[in-house]
Amino acid sequence: MIEVSAPDGRTLRAYDVPVDEPRLTVVWHHGTPNVGTPPEPLLPLSTAIRWVSYDRPGYGGSTPHPGRDIASAATDVEAIADALGIDRFAVLGHSGGGPHALACAALLGDRVVAAVSGSGLAPYPAEGLDWFAGINPTGTAELRAAIDGRDALERELTTGEYDPEMFTPSDHAALDGVWGWLARIAGEAQKGGIGGMVDDDLAYVAPWGFDPADITAPVLLLHGDADRVVPASHSRWLTHRIPSAELWLRPGDGHVSVLGAAPDALDWLLTRV
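Computed from a prediction, not measured in an experiment: that's the story for all the values here.

What counts, and where the lines are drawn
Residues numbered from 1 in each chain as written. Predicted model: local features only at pLDDT ≥ 70, side-chain atom pairs only at ≥ 80, totals over all residues. Heavy atoms only, no water. Helix = DSSP H or I, 4+ residues; strand = E, 2+ residues; numbered from the N terminus. Expected span 1.5 Å × (residues − 1). Buried < 20%, exposed > 50% of the residue type's maximum accessible area, 1.4 Å probe, protein only. Contact = heavy atoms within 4.5 Å. Polar contact = N/O pair within 3.5 Å; in protein donor to acceptor, adjacent residues only side chain to side chain. Phe/Tyr/Trp six-rings, centres within 6.5 Å; stacked < 30°, edge-to-face > 60°. Pairing = 2+ DSSP bridges. Axes fitted to C-alpha atoms, helices over the stretch in contact; angles between N-to-C directions. Salt bridge = Lys/Arg side-chain N within 4 Å of Asp/Glu carboxyl O. Parallel < 35°, antiparallel > 145°, perpendicular 65-115°, else oblique. Nonpolar A, V, L, I, M, F, W, Y, C, P; charged D, E, K, R; others polar.

Description of helix H3 (residues 137-148)
Okay, so step 1: Between its terminal C-alpha atoms H3 stretches 17 Å, which fits the 16 Å expected from twelve residues at 1.5 Å a residue.
Okay, so step 2: Of the residues making up H3, those classed as buried are Gly 139, Thr 140, Glu 142, Leu 143, Ala 145 and Ala 146.
Okay, so step 3: Where H3 is buried, its residues touch helix H4 (150-159) and helix H7 (195-204).
Okay, so step 4: Among the residues of H3, the N-terminal cap falls to Asn 136, whose side-chain oxygen and the backbone nitrogen of Thr 138 are separated by 3.1 Å.
Okay, so step 5: One or two residues past the end of H3 sits Gly 149, with phi positive at roughly 115°.

What to know about the environment of Gly 120
Okay, so step 1: Of note, Gly 120 is situated in the loop between strand S6 (112-118) and H3.
Okay, so step 2: Gly 120 sits in the buried class, given a relative accessible area of 0%.
Okay, so step 3: Taking the C-alpha atoms as reference points, Gly 120 and Tyr 54, separated by 66 residues in sequence, lie 18 Å from one another.
Okay, so step 4: Once residues within four sequence positions are removed from consideration, Gly 120 is found in contact with Ser 95, His 223, Val 230, His 234 and Ser 235.

A few points about the packing of aromatic side chains
Okay, so step 1: Under the counting rule described, the total for this entry stands at six aromatic pairs.
Okay, so step 2: When the ring of Trp 28 is compared with that of Trp 181, the centres are 6.4 Å apart and the planes differ by 55°; the resulting orientation is tilted. Note that Trp 28 is positioned in strand S3 (residues 24-29) and Trp 181 in helix H6 (residues 180-191), a separation of 153 residues in sequence.
Okay, so step 3: Overall, the relative accessible area of 1% leaves Trp 28 in the buried class.
Okay, so step 4: Since its relative accessible area comes to 4%, Trp 181 is described here as buried.
Okay, so step 5: Considering the side-chain rings of Trp 179 and Trp 181, the 6.2 Å spacing of their centres and the 70° angle between planes classify their relative orientation as edge-to-face.

As for the sheet that holds S3
Okay, so step 1: Taken together, eight strands build an open sheet; the order of strands is S1-S2-S4-S3-S5-S6-S7-S8 and the sheet is mixed. Across the chains shown, the open sheet's two edge strands, defined by having one partner strand only, are strand S1 (2-5) and strand S8 (245-250). Between one strand and the next, the sheet's axes are offset by a mean angle of 25°, whatever the strand orientation.
Okay, so step 2: Both S3 and strand S4 (residues 49-54) contribute to a ladder of five bridges, which runs parallel. Each residue of the ladder has a partner; that of Val 26, found in S4, is Trp 51.
Okay, so step 3: Contacting S1, strand S2 (11-17), S3, S4 and strand S5 (89-94), helix H1 (residues 72-83) runs over the sheet at an angle of about 130° to S4.
Okay, so step 4: Against the sheet, helix H8 (residues 233-241) contacts strand S7 (219-224) and S8, and its axis sits at roughly 160° relative to S8.

So, unusual backbone geometry
Okay, so step 1: Cis geometry is found at the peptide bond from Thr 32 to Pro 33, where omega equals -10°.
Okay, so step 2: Within the secondary structure layout, Pro 33 lies in the loop between S3 and S4.
Okay, so step 3: Across the junction of Tyr 124 and Pro 125, the peptide omega takes the value -15°, indicating a cis bond.
Okay, so step 4: Among the secondary structure elements, Pro 125 is positioned in the loop between S6 and H3.
Okay, so step 5: Even without glycine at this site, Ser 119 takes up a positive phi of about 55°.
Okay, so step 6: Mapped onto the fold, Ser 119 is located in the loop between S6 and H3.
Okay, so step 7: When its relative accessible area of 0% is taken as the criterion, Ser 119 is described as buried.

Things to note about the pattern of salt bridges
Okay, so step 1: Tallied over the full model, the rule gives 14 salt bridges.
Okay, so step 2: Salt bridges here are not isolated pairs; linked through shared partners, they connect Asp 8, Arg 10 and Asp 76.

Thoughts on the packing of H3 against H4
Okay, so step 1: Following both chains from N to C, one finds H3 and H4 inclined at 155°, their axes separated by 6 Å at the closest point. Judged by the angle between their axes, H3 and H4 are roughly antiparallel. Contact residues: Ala 141, Glu 142, Ala 145, Ala 146 and Asp 148 in H3; Ala 152, Leu 153, Glu 156 and Leu 157 in H4.
Okay, so step 2: A class-by-class count of the residues in the contact of H3 with H4 yields six nonpolar, no polar and three charged.

Right, here's the structure in full:
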């Protein structure tokens, strides 16, 4: 764990898991609400990958950055990569981390060799996409509140209740297994309050600060066709928007169980080095 200064003076808590002979550095982008510790279930899968990650502003040990957009992740990741002496790297994001990974691919040029977005959102509003269709009722209420502004969102997050039906049976099975790690880091994130989650949600429904169509690096979009948190229609839309994208649509998988394809996604990244 290290602390890195962003260009505007904010503190970013970053994590680095070096390996002896890395073929690739992968920067992990966490979901909402999570902290940024590297994805424990993935660490044993490849001794060729150096994992780097960070707490997004407002989570864990990173200074809040109210009003941040999705594009700001690229500036933060660039500061971390520079501090660690890393020139080129891949990015991998899950759920809310997906758009932030795409921001790096769009804005950091050839420093990003490839990107994976799993269960990630499309921009709001996205032309030709019924953006809310298929999102579970709790998630719909949360994101519609975000459109109404910070006060409405804070009220929704402090009064709304967890709905286990947002996850499919396959998701619950994954959470009962190795991906129970996600529930643990979500709990850690929430100990710090809702500030990071508020800023995330506001950024999802505001202009992202970049166009996914500008991405030139190879992009893999990974999605379960049964996802009730972020419908697969979002990745389908992104596939048509990003010229370099390919879509792996996983039959029967939900928001979490789709991570069962993560080993294949890591192999995909390694072939892009």
